[in-house]
Amino acid sequence: MHHFATDVLVIGGGGAGAMAAYEASKHGVKVTMVLKGFPERCGITIMAPGAIAGVGSWHEPGDSRDLHFLDTVRGGSFLNEQRLVRILVEEAPDLILELERIGALWQRKADGESYALRIDGGHSYPRCTFLEDRTGREMMRALFGEVKKRNINILSNTMILKLLKDESRVTGAVGLNLETGETVLLRAKTVILTCGGAGNLYLNTSNPTGATGDGYALALDAGAELMDMEFVQFYPLGFLFPNSLRGNLGALLYYVHLFNNKGERFMEKYDPERLELSTRDRVARAIYTEVKEGRGGPHGGVFADMTYHEPGFIAKMQPALYETYQKIGITPEKDRLEVAPTCHFFMGGVRVDENWQSSVPGLFVTGENAAGVHGANRLSQNALAELLVSGARAGKAAAKLAAEIGQAPVDPREAKTATELAGQMLSREDGIRPVTLRNRLRRLMWEKVAVIRSEASLRGALVELEVLKSQLESQALSLKSRHYNQELVEGLENYFLATVAQCVTKAALLRTESRGAHYREDYPAADNKRWLKHLTIRQKADDLTVQEIPVDLAEIKPEGGAL
Ligand SMILES: Cc1cc2nc3c(=O)[nH]c(=O)nc-3n(C[C@H](O)[C@H](O)[C@H](O)COP(=O)(O)OP(=O)(O)OC[C@H]3O[C@@H](n4cnc5c(N)ncnc54)[C@H](O)[C@@H]3O)c2cc1C
């Protein structure tokens, strides 16, 4: 077993983890980052093509931080924690500039000086900085430049399986070195959890393979509360073919017009003012409805049209996607691309305070693992802004707290227990293959807990989830090696996914209304009287207990009760 001790332990090396580690390292403490893959090669952030929202000195006439706040809260159907949204809109612009100071390049207008700005669904003005279709990658390039310079200890290919705690606070974590198969015991004064989302819970997803909700399950197991787990965002424009690309982000909403098989630009019916720049939940539901009512394409989607742009525009603005189009035989100047919704983002996550600290002392949670900013539906481009702000806040607060407290002892026997599952899976001769279980889970969630839900579908899903959960204990591997065994990783991730699936489904069943990304066909309207509140989930022994708590409406309330 390998032992490490650090002041601040950052779990995850995406944008939120890199930002938190960078910030924590400014405060004279020892920082260690542990991640499931290779630095700059894993997580969702490197895939983000879009932009970062923030109203800085570059803003357009008429735009303001108050308006960004209003757009975010309206987009989130008033379920956002408003004090966190205020922090987001006030602090994101300086962090966008800070990224530039540490080496990120943002696209400029023709004058070569002022930022080129993108507008996307739900934003009132173009206010989002970007670089071609590799904004997230650029962000990571700049942040990791600092992470490497600052002597932050990086443990790559290490999967955390359990957080450690004493009676008063978090004390570290236990993981598995995926290269060697050895157990890793990490003692820490404070922990920042940044494991990203859980898109792999669904059959079609834009998320990379490692996005399996580990952070949500780890936090829940450590005693933290999850909040708003019923709100899962489906990006409207996922590829449908070829199969190897299915679910991947296929086009950007601000560069397409959407048509059904009758040649109608159908968003005129669903949101005549904003059309494709409506919020993602509305566009996803509109596509779902068009297809369900027989107006879809041969692959079960609708048609994204980019032919109206000047020649060369798409190649210039989204070069990586353009290259993909060419490989699959699509010429966006003349062809339409068939697309459909794909699981994209989790609005829910761990409930946190203004420093992104959870209810477990010393445990901070940032990026997609944290809840509160996005409410019932995330506005486009706000995730990258949120991970900068939450990473910076948590990094600073975790470092300060670590400087004040001592290292707590941890019991190495706990580490053994945490990795026992891996040993059992490796030694079991017969049983269910992790990939089989994973596929069943993903299909179940897609069919019963996705874009459109109902009491019957959710109750059915809960029953099936119980069965799937019991089958976790009979997972067996075809490959018995401890070194780089992806099947073993998949088997371990299935535990996390199954827990997240139960949380999403339980909360979705209890919320008898439709709001943001949560749509119940048996309760199609929002109900502010009954449901302007959060659902939180805690784990008590093997049981998940759900509680209703008030929403922070400190600055604005829904006008006239309507959303
Ligand atoms: C295709 C796509 C495009 C997007 N585009 C945009 C956009 O343009 N603008 C925008 O604002 N938002 C966008 N989003 C959303 C945004 O990119 C993500 O929400 C955000 O990048 C998540 O960052 P993160 O740091 O929280 O997680 P990630 O970047 O996913 O990082 C998670 C890290 O945790 C590690 N990890 C996971 N589990 C474990 C474990 N058990 N042990 C150790 N390490 C672990 C992973 O290896 C990884 O290093 C997009 C999302 C997708 C899927």
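Look a little higher up for the structure.
These numbers come from a predicted model, not from an experiment.

Rules of the game
- Residues numbered from 1 in each chain as written.
- Predicted model: local features only at pLDDT ≥ 70, side-chain atom pairs only at ≥ 80, totals over all residues.
- Heavy atoms only, no water.
- Pairing = 2+ DSSP bridges.
- Helix = DSSP H or I, 4+ residues; strand = E, 2+ residues; numbered from the N terminus.
- Contact = heavy atoms within 4.5 Å.
- Axes fitted to C-alpha atoms, helices over the stretch in contact; angles between N-to-C directions.
- Parallel < 35°, antiparallel > 145°, perpendicular 65-115°, else oblique.
- Left-handed = near helix turned anticlockwise from the far one by under 90°.
- Nonpolar A, V, L, I, M, F, W, Y, C, P; charged D, E, K, R; others polar.
- Phe/Tyr/Trp six-rings, centres within 6.5 Å; stacked < 30°, edge-to-face > 60°.
- Buried < 20%, exposed > 50% of the residue type's maximum accessible area, 1.4 Å probe, protein only.
- Near = heavy atom within 4 Å.
- Polar contact = N/O pair within 3.5 Å; in protein donor to acceptor, adjacent residues only side chain to side chain.
- Areas by Shrake-Rupley, 256 points an atom, 1.4 Å probe, with all protein chains shown as cover.
- Core = buried A, V, L, I, M, F, W, Y, C linked by side-chain atoms within 4.5 Å.
- Salt bridge = Lys/Arg side-chain N within 4 Å of Asp/Glu carboxyl O.
- Disulfide = S-S within 2.5 Å.

Engineer: In this structure, what is going on with the sheet that holds strand β17 (residues 543-550)? I would like to understand it.
Structural biologist: Strand-to-strand pairing in sheets goes through backbone hydrogen bonds, with the strands running parallel or antiparallel. Ordered by their spatial adjacency, four strands build an open sheet running β14-β9-β16-β17, and the pairing between neighbours is antiparallel. Edge positions in the sheet fall to β14 (349-350) and β17, since each of these pairs with one other strand and no more. Of the strands in this sheet, β9 (226-227), β14, β16 (533-540) and β17 touch helix α5 (residues 214-221), which is tilted by about 65 degrees from β16. Relative to β17, helix α14 (residues 486-510) is tilted by about 50 degrees, and along the sheet it contacts β9, β16 and β17.

Engineer: Got a minute to help me understand the packing of helix α2 (residues 65-75) against helix α3 (residues 82-101) in this structure?
Structural biologist: One way to put it is that α2 packs onto α3 with a least axis distance of 9 Å and a crossing angle of 135 degrees. Relative to α3, the element α2 is oriented oblique. Here α2 runs over α3; the crossing is right-handed. The residues of α3 that touch α2, namely those facing Arg65, Asp66, His68, Phe69, Thr72 and Val73, are Gln82, Val85, Arg86, Val89, Glu90 and Pro93. Residues that form the contact of α2 with α3 fall into these classes: five nonpolar, three polar and four charged.

Engineer: Help me understand the packing of aromatic side chains in this model?
Structural biologist: Here the distance between the centres and the angle between the planes together describe a pair of aromatic rings. For the structure shown, the criterion picks out nine aromatic pairs. With a centroid separation of 5.9 Å and an interplanar angle of 65 degrees, the aromatic rings of phenylalanine 234 and tryptophan 446 are classed as edge-to-face. Of this pair, phenylalanine 234 sits in strand β10 (residues 232-239) while tryptophan 446 sits in helix α12 (residues 434-448), and the two are 212 residues apart along the sequence. Its relative accessible area of 4% is what places phenylalanine 234 among the buried residues. Classification of tryptophan 446 as partly exposed rests on a relative accessible area of 23%. Taken together, a centroid distance of 4.8 Å and an interplanar angle of 85 degrees make the contact between tyrosine 254 and tyrosine 255 edge-to-face.

Engineer: Would you mind going over the sheet that holds strand β11 (residues 257-259) with me for this structure?
Structural biologist: Strand order in the open sheet made by the four strands is β10-β13-β12-β11, with antiparallel pairing throughout. The sheet terminates laterally at β10 and β11, the two strands that pair on one side only. Ignoring which end each strand starts from, the neighbouring axes of this sheet average 45 degrees apart. Bridge count for β11 against strand β12 (residues 302-305) is three bridges, and the pairing is antiparallel.

Engineer: Explain the site of the ligand here, please?
Structural biologist: Residues in close proximity to the ligand total 38 residues, the closest being Ile44, Thr45, Gly50, Asp214 and Glu368. Between the ligand and glycine 50 there is a distance of 2.7 Å, counted from an oxygen atom to a backbone nitrogen or oxygen. Within the backbone of alanine 51, a nitrogen or oxygen atom sits 3.1 Å from a nitrogen atom of the ligand. Within the complex, the protein chains bury 98% of what would otherwise be the 1,000 Å² of accessible surface of the ligand. Where the shell around the ligand is concerned, the elements lending two or more residues are α1 (15-25), β6 (158-165), β13 (336-346) and α10 (382-404). The biggest single contributor to the shell around the ligand is α10, with four residues. Of the residues that constitute the shell around the ligand, the class distribution is 17 nonpolar, 17 polar and four charged.

Engineer: Would you mind going over the nonpolar core with me for this structure?
Structural biologist: A general trend in soluble globular proteins is that nonpolar side chains are found buried together. In this structure, Val8, Leu201, Tyr202, Phe346 and Val504 are the most contacted members of the largest nonpolar core, which totals 145 residues. Counting residues per element, this core draws most heavily on α14, at 14 residues. Ignoring anything within four residues of it in the chain, the contact list for tyrosine 202 reads Val232, Phe234, Cys343, Phe346, Arg442, Met445, Trp446, Val449, Ala450, Arg453 and Val504.

Engineer: Looking at this structure, I do not really get the side chain of glutamine 82. What am I missing?
Structural biologist: Tracing the chain through its elements places glutamine 82 in helix α3. A relative accessible area of 0% places glutamine 82 in the buried class. In this structure glutamine 82 touches Phe69, Val73, Asp552, Leu553, Ala554, Glu555 and Ile556, once residues within four positions along its chain are discounted.

Engineer: Just to check I follow, could you spell out the packing of α1 against α10 for this structure?
Structural biologist: Geometry of a packed helix pair, given as the angle between the helix axes and the separation of the axes. Put simply, α1 and α10 touch, their axes get as near as 7 Å, and they point 40 degrees apart. Considering their axes alone, α1 and α10 lie oblique with respect to each other. Regarding α1 and α10, the two cross each other, and that crossing is right-handed. On α10, the residues that touch Gly15, Ala16, Met19, Ala20, Glu23 and Ala24 of α1 are Leu387, Leu388, Gly391, Ala392, Gly395, Lys396 and Ala399. Among the residues making up the contact of α1 with α10, the classes are represented as eight nonpolar, three polar and two charged.

Engineer: What exactly am I supposed to notice about the pattern of salt bridges here?
Structural biologist: For side chains of opposite charge, pairing can occur when their charged atoms come near one another. All told, the structure shown has 45 salt bridges when counted by the stated rule. Arginine 86 is paired through a salt bridge with aspartate 66; the nearest N and O atoms lie 2.9 Å apart. Of the two residues, arginine 86 sits in helix α3 while aspartate 66 sits in helix α2, which places them 20 residues apart along the sequence. Look at arginine 86 and you get buried, because its relative accessible area is 18%. Linking arginine 459 and glutamate 455 is a salt bridge whose minimum nitrogen-to-oxygen distance equals 2.9 Å. Note that arginine 459 and glutamate 455 are positioned in helix α13 (residues 455-471) at a spacing of four residues, about one turn of the helix. Salt bridges here are not isolated pairs; linked through shared partners, they connect Arg65, Asp66, Arg86, Glu90 and Glu555.

Engineer: It is not clear to me how the pairing of β12 should be interpreted in this structure. Could you clarify?
Structural biologist: Summarising the sheet, β12 and β13 pair through four bridges and their orientation is antiparallel. Bridged to phenylalanine 303 within β13 is glutamate 338.

Engineer: What's the story with the side chain of asparagine 485 in this structure? I'm lost.
Structural biologist: Relative to the helices and strands, asparagine 485 is located in the loop between α13 and α14. Within the local environment of asparagine 485, its side chain forms a polar contact with the backbone oxygen of leucine 479, the two atoms lying 2.8 Å apart. Setting aside residues no more than four positions away along its own chain, asparagine 485 makes contact with Leu426, Leu477, Leu479 and Lys480.

Engineer: Explain the environment of proline 558 here, please?
Structural biologist: By secondary structure assignment, the location of proline 558 is in the segment after β17. On the basis of relative accessible area, proline 558 is assigned to the buried category, the value being 14%.

Engineer: Please explain α5 as it appears in this structure.
Structural biologist: Side chains that are three or four residues apart share a direction in an α-helix, a result of its 3.6 residues per turn. For α5, a buried count of seven out of eight residues is recorded, marking the element as mostly surrounded by other parts of the structure. Residues of α5 that are buried: Asp214, Gly215, Tyr216, Ala217, Leu218, Ala219 and Leu220. Glycine 223 occupies a position one or two residues after α5 and carries a positive phi of about 105 degrees.

Engineer: Please explain the state of the cysteines as it appears in this structure.
Structural biologist: Here, disulfide denotes a covalent bond that connects the sulfur atoms of two cysteines. Summed over all chains, the structure comprises zero disulfides. You can see cysteine 42 has no disulfide; the closest cysteine sulfur is in cysteine 195, sitting 10 Å from it.

Engineer: Got a minute to help me understand the environment of glutamate 473 in this structure?
Structural biologist: Position of glutamate 473 among the secondary structure elements: in the loop between α13 and α14. Sequence-wise, glutamate 473 and tyrosine 495 are 22 residues apart; in three dimensions their C-alpha atoms are separated by 9.3 Å. In contact with glutamate 473, not counting residues within four places along its chain, are Leu421, Arg428 and Tyr495.

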